[in-house]
Amino acid sequence: MIPTGENLTRDDILRWLHEPDEEKLQMLWDTADRVRHEVVGDAVHLRGLIEVSNHCARTCRYCGVNAENKAVERYRMTEDEILSCAKRAAEYGFGTVVMQAGEDEGLSGKFVAGIIEKIKTLGDLAVTLSLGERSDEDTGLWKEAGANRYLLRFETSDATLYKKIHPDRGARVSNRIEQLKRLRGMGYEIGGGVMVGIPGQSYDTLADDLMLMRQLDLDMIGIGPYIPHPATPLADRSLFPELVKGVQALSDETTVCKVLALARLLCPEANLPSTTALATINREAGRAHGLSRGANVVMPNLTPQQYRVLYEIYPSKAGIHETAEIGMDAIRAQLAALGRSAGTGYGSRKHTGE
Ligand code: 5AD
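Residues numbered from 1 in each chain as written. Predicted model: local features only at pLDDT ≥ 70, side-chain atom pairs only at ≥ 80, totals over all residues. Heavy atoms only, no water.

Quick look at the nonpolar core
Within the largest apolar cluster, 83 residues are counted, with the highest numbers of intra-cluster contacts made by Met-99, Leu-129, Trp-142 and Met-213. Examining the composition of this core, we find that nine residues originate from one element, helix α9 (residues 253-266), more than from any other. Counting residues in each nonpolar core, the second largest holds 11 residues, with Cys-60, Leu-161, Ile-165 and Leu-234 among its members. (Core = buried A, V, L, I, M, F, W, Y, C linked by side-chain atoms within 4.5 Å. Buried < 20%, exposed > 50% of the residue type's maximum accessible area, 1.4 Å probe, protein only. Helix = DSSP H or I, 4+ residues; strand = E, 2+ residues; numbered from the N terminus.)

A look at helix α4 (residues 109-122)
Compared with an ideal rise of 1.5 Å per residue, which puts 14 residues at 20 Å, α4 spans 21 Å between its outermost C-alpha atoms and is within 8% of the ideal. The complete set of buried residues in α4 reads Gly-109, Val-112, Ala-113, Gly-114, Ile-115, Ile-116 and Ile-119. On its buried side, α4 packs onto α3 (79-92), β2 (96-101), β3 (126-130) and α5 (136-144). (Expected span 1.5 Å × (residues − 1). Contact = heavy atoms within 4.5 Å.)

Digging into the pairing of strand β5 (residues 189-196)
Of all eight residues in β5, eight are buried; the element is thus mostly enclosed. Here β5 shows no split at all, with Glu-189, Gly-191, Gly-193 and Met-195 on one side and Ile-190, Gly-192, Val-194 and Val-196 on the other all buried. Both strand β4 (residues 149-151) and β5 contribute to a ladder of three bridges, which runs parallel. The residue bridging Arg-149 from the neighbouring strand is Glu-189, located in β5. Pairing of β5 with strand β6 (residues 220-225) involves six bridges; the strand directions are parallel. (Pairing = 2+ DSSP bridges.)

Let's talk about the site of the ligand
What surrounds the ligand is the set Tyr-62, Cys-63, Gln-100, Arg-153, Glu-155, Met-195, Pro-225, Tyr-226, Ile-227, Ile-313 and Tyr-314. The contact in question runs from a nitrogen atom of the ligand to an N or O atom on the backbone of Tyr-62, over 3.0 Å. Ile-227 places a main-chain nitrogen or oxygen 2.8 Å from a nitrogen atom of the ligand. Looking at side-chain class alone, the shell around the ligand contains eight nonpolar, one polar and two charged residues. (Near = heavy atom within 4 Å. Polar contact = N/O pair within 3.5 Å; in protein donor to acceptor, adjacent residues only side chain to side chain. Nonpolar A, V, L, I, M, F, W, Y, C, P; charged D, E, K, R; others polar.)

Considerations on unusual backbone geometry
Despite not being glycine, Glu-155 has its phi angle at roughly 70°, a positive value. Its location among the elements puts Glu-155 in the loop between β4 and α6 (159-165). Despite not being glycine, Ser-316 shows a phi value in the positive range, around 55°. Here Ser-316 is to be found in the loop between α12 (305-308) and α13 (324-338).

Things to note about the side chain of Asn-54
With respect to the secondary-structure elements, Asn-54 resides in the loop between β1 (43-53) and α3. Residue classification places Asn-54 among the buried positions, given a relative accessible area of 0%. A distance of 2.7 Å separates the side chain of Asn-54 from the backbone nitrogen of Tyr-75, its partner in a polar contact. In contact with Asn-54, not counting residues within four places along its chain, are Val-65, Val-72, Glu-73, Arg-74, Tyr-75, Leu-310 and Tyr-311.

Digging into the pattern of salt bridges
Oppositely charged side chains can form a pair if their charged atoms are brought close together. On inspection of all chains with the given rule, the structure shows 29 salt bridges. Where Asp-219 meets Arg-184, a salt bridge forms, and the shortest distance between an N and an O atom there is 2.9 Å. Placement of the pair is Asp-219 in the loop between α8 (203-215) and β6 and Arg-184 in helix α7 (residues 176-185), with a sequence separation of 35 residues. Asp-219 sits in the buried class, given a relative accessible area of 4%. In the salt-bridge network here, residues are joined through shared partners; they are Arg-58, Glu-103, Glu-105, Glu-133, Arg-134, Asp-138, Glu-155, Arg-169, Arg-172 and Arg-176. (Salt bridge = Lys/Arg side-chain N within 4 Å of Asp/Glu carboxyl O.)

Examining α3
The end-to-end C-alpha separation of α3 is 20 Å, in line with the 20 Å expected for 14 residues at 1.5 Å each. All of the buried residues along α3 are Ile-82, Leu-83, Cys-85, Ala-86 and Ala-89. Seen from one end, α3 has its buried residues packed into an arc of 160°, which puts them on one side. In α3, the exposed residues that point more than 90 degrees away from the buried face are Asp-80 and Glu-91. As for α3, its buried residues are in contact with β1, β2 and α4. Directly beyond the C-terminal end of α3, a positive phi value near 85° is found at Gly-93. (Arc of directions from axis to C-beta.)

Some remarks on the packing of helix α1 (residues 10-18) against α8
Relative to each other, α1 and α8 sit at 130°, their axes nearing to 9 Å. Here α1 lies oblique to α8, going by the angle between them. For the crossing formed where α1 meets α8, the hand is right-handed. Contact residues: α1 offers Arg-10, Ile-13, Leu-14, Leu-17 and His-18, while α8 offers Tyr-203, Asp-204, Leu-206, Ala-207, Asp-208, Leu-210 and Met-211. Residue composition of the contact of α1 with α8, grouped by class: eight nonpolar, one polar and three charged. (Axes fitted to C-alpha atoms, helices over the stretch in contact; angles between N-to-C directions. Parallel < 35°, antiparallel > 145°, perpendicular 65-115°, else oblique. Left-handed = near helix turned anticlockwise from the far one by under 90°.)

Examining the environment of Pro-268
Tracing the chain through its elements places Pro-268 in the loop between α9 and α10 (276-281). Residue Pro-268 is classed as partly exposed on the basis of its relative accessible area, which comes to 21%. With 83 residues separating them in the primary sequence, Pro-268 and His-351 have C-alpha atoms 9.8 Å apart. Apart from residues no more than four positions distant in its own chain, Pro-268 is found in contact with Val-35, Val-39 and Val-40.

A short note on the packing of aromatic side chains
Counted by the stated rule, this structure contains three aromatic pairs. Consider the rings of Tyr-75 and Tyr-307, whose centres lie 4.7 Å apart with planes at 15°: the pair is stacked. Of this pair, Tyr-75 sits in the loop between β1 and α3 while Tyr-307 sits in helix α12, and the two are 232 residues apart along the sequence. Like Tyr-307, Tyr-75 is buried. (Phe/Tyr/Trp six-rings, centres within 6.5 Å; stacked < 30°, edge-to-face > 60°.)

What follows is the structure, encoded as structure tokens:
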């Protein structure tokens, strides 16, 4: 029996992260799948993703839409465009709409609050925000307007690596872990998570990342591979060298699935998406592997075609040239093949201990 929850130690985690044996790994996948089934059930919650703006004030070293990438054509969706995507989510029967963007002050606190209020009139939809490190004033306003959840990956628990890849925005020091705690205090369900295989990230760091996910008691955890974007500083190996072989965390599918499966064991009640980045590094089976190794959420992309091609946080993103309809057909077929059903209702984080 593989220990779970409080009984899984950091040493256990490290051993799994280094485990090469496919038969043993099958035990990890099976255990994560069983815990997922027992604790959060077989429903796969669908969250309609709307990439509302690719403007960004930050210069995160890995991200294709960071402020210094002048080659990106920038867009910001209008209120009507956003609401028509949200309507589509309601029509598809999704329980949640996710508004994601770069850190874009052009999306003013009031503008976003007004949209949240209007989305709430379209149907019984939960609203998740993923809009970067915004002020407490803005996130407070959005909570009052009815927002339910906030996604802000902490990316790495290694403070030195974090600083290296997240330059501060002027006087605004980047501290996502502290911000997540404040967001929880405001009443949001909070989502964190990491990229796997960042140059300079070790397996020890990944073990610490996983321990931090449990410590923060995250409601949602996003885990995907780091995918180098050629127009970003992090893609330049001379600026950001990798650690030596065996210490540097790989960004391959197996390593991502290990982190995902371990997150399920450590945080059994959390909502875990099978991410688009995972589907990008294995187009045939990445999403299905995520769903059968711990994940219980998928985020179908509802962003209009003309904008989604511009939301290039990493290259060759899965689904970037598809319409929302085609993407949904593929997801329905994958769920049917796995014998899983689409969730109904908000699909909020479970609290089994209460
Ligand atoms: N590779 C993989 N994931 C990335 N993200 C941003 N840039 C990349 C990249 N190059 C992820 C970050 C961010 C989320 C919205 O997208 O983890 O939090």
